[in-house]
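Residue-level structural notes
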Amino acid sequence: MTVPAAPQPRPGILSIDAYVPGKSKAPAGVKLHKLSSNETPLGPSPRAIEAYIAAATTLELYPDGTAEKLRQAIASRYGLDPARIICGAGSDELLQLLAHAYLGPGDEGLYSEHGFLVYKIATLSNGATPVVAKEKSLMTDVDAMLAAVTPRTRIVFLANPNNPTGTYIPFEEVKRLHAGLPSNVLLILDAAYAEYVRRNDYSSGIELVATSNNVVMTRTFSKIHGLANLRIGWLYGPAAIVDVLNRIRGPFNVNGPSIAAGIAAIEDREHEDKSVLHNAHWLAKMTAALKTLGLGVTPSVGNFVLLHFPDEAGKRAPDADTFLTARGVILRRMEAYGLPNALRLTIGSEEANNAVLDGLQAFLAGKAP
Ligand SMILES: *Cc1c(COP(=O)(O)O)cnc(C)c1O
C-alpha cells in the first residue's frame, strides 16, 4: 500500500472555495465607504462599547464558558428558556457546529440556489454532499426544496431573509417546508436579519422551534447590533440539540468582553429601534432611487439590496465595481453566489448612500470615476 507523501485532509475539504470576505480598502487619499459586508452604519450601542472597555480589567481570567448572563439577557428579551440557548463565536460557528454534529460522509446538506455560502462550506467540511434547490425570482421555492429532499438529507439550511438576495418567505411557507420534512431532518432557520424585517407575514421562527424537535433558529449580534468584530451569535433550539452542541463546542467559545458587550447591546432597545428606522427609511429610498437610475433591484427586507446591471459591454457589474472602488465605494461582488452581473449593496449612512447614488449615476452616464 502506498502511503501519501503528506497528510491528507478529509474528503471534500479541497473542494471548498475559502470564504472571501467583503473588500475593505479604498485607494489612497479617497474616503472609504465600506458597504460590502452588511455591517450597520450606526455602529453598536454606546453602552455596549462601555461594557466592552470595562471588561478589559479582567483579561487574565477565563470567561464564563456557558455565557450564562448573555443567555439570560437574550432569553428575557425574547421570552425564551435560557437553557435552550447556546452562544457561539458568531452564528457562523453555530452553523459549523450543527453541520459537524449532524452531517457526515454520505449525508446531504440542502439549501437554496443563492443561499448563504457558509452552508456549502459547512457541508463540505464534514465530508457531506451539498444539494442545491432552484429558486424562483431569487426567492426560496419551498416546492423545489421539498423535491430535493432524499433519504440522505440530514440538514436543510434556510436563511430567512436570505443573504445575498434580501428576499424572504412568509412564515406559512416556512411551516409548509417544515411539515414536508422527515422527522430526522434538521431544519436550520438562519435569521441573521430578522430584526430588520417589517412584514406582518414574517417570523424568525421562534414559535416553530418551541413546538418542534427538529428546528433550530440562529441569530447574530453582527448585523443590527453592530458587533461583527466581536463574533457573537446565538441559537435557540430543542434541549437535545443544544446538549449535542454543548458537547462539541470549544469550552470558552465566546469571550468575556463580547459577553459583556452583547448583554448591553440586547438591552438597549432604543439603539436597536434607531437602527431599524434608519434602515427602513433608506432601504425604501435607495430602492426607488436605484430603480430610477435604470438598475434592476431585487426587493429586499434586510439591510442590503441586490443590484442587477445591464448586460452591455462596459456597463456590467464588474465594471461598476471597478468604477465605484476608485471612488472609495465598496460593494460586494456576487460571482461566488452565481450572480456575476449583480452587486450587493449594504444600506449605509446618509453620506455613504449618497456616494453610491452619485457614483452609479456617473458610471451609467459613462463618465470617468
Ligand atoms: C451575516 C450573516 C450571518 C452572521 O454571521 P456571524 O458569524 O454571526 O457574524 C449568518 N447568516 C447570514 C445569512 C448572514 O448574512
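Residues numbered from 1 in each chain as written. Predicted model: local features only at pLDDT ≥ 70, side-chain atom pairs only at ≥ 80, totals over all residues. Heavy atoms only, no water.

1. What to know about unusual backbone geometry
Residue Pro161 is reached from Asn160 by a cis peptide bond, and omega for that bond is 0°. Here Pro161 is to be found in the loop between strand E7 (153-159) and helix H6 (171-179). Positive phi outside glycine occurs at Leu138, with the angle close to 60°. Relative to the helices and strands, Leu138 resides in the loop between strand E5 (135-136) and strand E6 (139-140). (Helix = DSSP H or I, 4+ residues; strand = E, 2+ residues; numbered from the N terminus.)

2. Observations concerning helix H12 (residues 350-364)
If you check H12, its first and last C-alpha atoms are 21 Å apart, about what 15 residues at 1.5 Å a residue would give, namely 21 Å. Within H12 the residues assigned to the buried category are Ala352, Asn353, Ala355, Val356, Leu357, Gly359, Leu360, Ala362, Phe363 and Leu364. Elements that come into contact with the buried residues of H12 comprise strand E1 (33-34), helix H10 (269-292), strand E12 (304-308), helix H11 (317-326), strand E13 (329-330) and strand E15 (342-346). Trailing H12 by a residue or two, Gly366 shows a phi angle of about 80°, which is positive. (Expected span 1.5 Å × (residues − 1). Buried < 20%, exposed > 50% of the residue type's maximum accessible area, 1.4 Å probe, protein only. Contact = heavy atoms within 4.5 Å.)

3. Quick look at the packing of aromatic side chains
Inspection of the entire model under this criterion finds 11 aromatic pairs. Centre to centre, the rings of Tyr111 and Phe157 are 6.5 Å apart; their planes meet at 65°, and the pair counts as edge-to-face. Of this pair, Tyr111 sits in strand E3 (residues 108-112) while Phe157 is found in strand E7, placing the two residues 46 residues apart along the sequence. Of the two residues, Tyr111 and Phe157, both sit in the buried class. (Phe/Tyr/Trp six-rings, centres within 6.5 Å; stacked < 30°, edge-to-face > 60°.)

4. With respect to empty space enclosed by the protein
Counted under the stated rule, the structure contains one cavity of 30 Å³ or more. Considered as a void within the structure, the largest cavity measures approximately 40 Å³ in volume. As for the largest cavity, its lining consists of Thr40, Pro41, Leu42, Tyr196, Ser275, His278, Asn279, Asn303 and Ile347. The residue makeup of the lining of the largest cavity, split by class, is four nonpolar, five polar and no charged. (1 Å grid on protein atoms, 1.4 Å probe; cavity = no way out; pocket = protein on both sides within 12 Å on 5 of 7 lines; lining within 4 Å. Points joined across faces, edges and corners; volume = space filled by probe spheres on them. Nonpolar A, V, L, I, M, F, W, Y, C, P; charged D, E, K, R; others polar.)

5. Some points on the site of the ligand
The ligand sits among Gly90, Ser91, Asp92, Phe116, Asn163, Asp190, Ala192, Tyr193, Thr220, Ser222, Lys223 and Arg231. One of the side-chain N or O atoms of Asp190 is found 2.6 Å from a nitrogen atom in the ligand. At 2.6 Å from an oxygen atom of the ligand is found a side-chain nitrogen or oxygen belonging to Arg231. Protein contacts shield 94% of the accessible area of the ligand, which totals 380 Å² for the unbound molecule. Of all the cavities here, the one that holds the ligand is the largest pocket. It is helix H3 (residues 90-102) that provides the largest number of residues to the shell around the ligand, a total of three residues. Here the residues of the shell around the ligand sort into three nonpolar, five polar and four charged. (Near = heavy atom within 4 Å. Polar contact = N/O pair within 3.5 Å; in protein donor to acceptor, adjacent residues only side chain to side chain. Areas by Shrake-Rupley, 256 points an atom, 1.4 Å probe, with all protein chains shown as cover. Sits in = over half its atoms within 2 Å of the grid points.)

6. Details of the domain arrangement of the protein
Partitioning the protein into structural domains gives domain 1 (15-43 + 270-364) and domain 2 (46-267). Domain 1 and domain 2 are separated by 25 Å when their C-alpha centres are compared. Taken together, the contact pairs 30 residues of domain 1 with 29 residues of domain 2. Carbon and sulfur atoms supply 67% of the area buried between domain 1 and domain 2, which totals about 2,600 Å² over both sides. (Domains from an automatic or database assignment. Buried area = accessible area lost by both parts, 1.4 Å probe.)

7. What about the pattern of salt bridges?
Counting across every chain of the model gives 16 salt bridges. Residue Glu272 pairs with Arg77 through a salt bridge whose shortest N-O separation is 2.9 Å. Here the residue Glu272 occupies a position in helix H10, and Arg77 occupies one in helix H2 (residues 68-78), the gap between them amounting to 195 residues. A salt bridge links Arg219 to Glu195; the shortest N-O distance between them is 3.4 Å. Placement of the pair is Arg219 in strand E9 (residues 215-220) and Glu195 in the loop between strand E8 (186-190) and helix H7 (206-210), with a sequence separation of 24 residues. Residue class for Arg219 comes out buried when judged on its relative accessible area of 3%. Within this structure, Asp143, Glu173 and Arg176 form a network of salt bridges that share partners. (Salt bridge = Lys/Arg side-chain N within 4 Å of Asp/Glu carboxyl O.)

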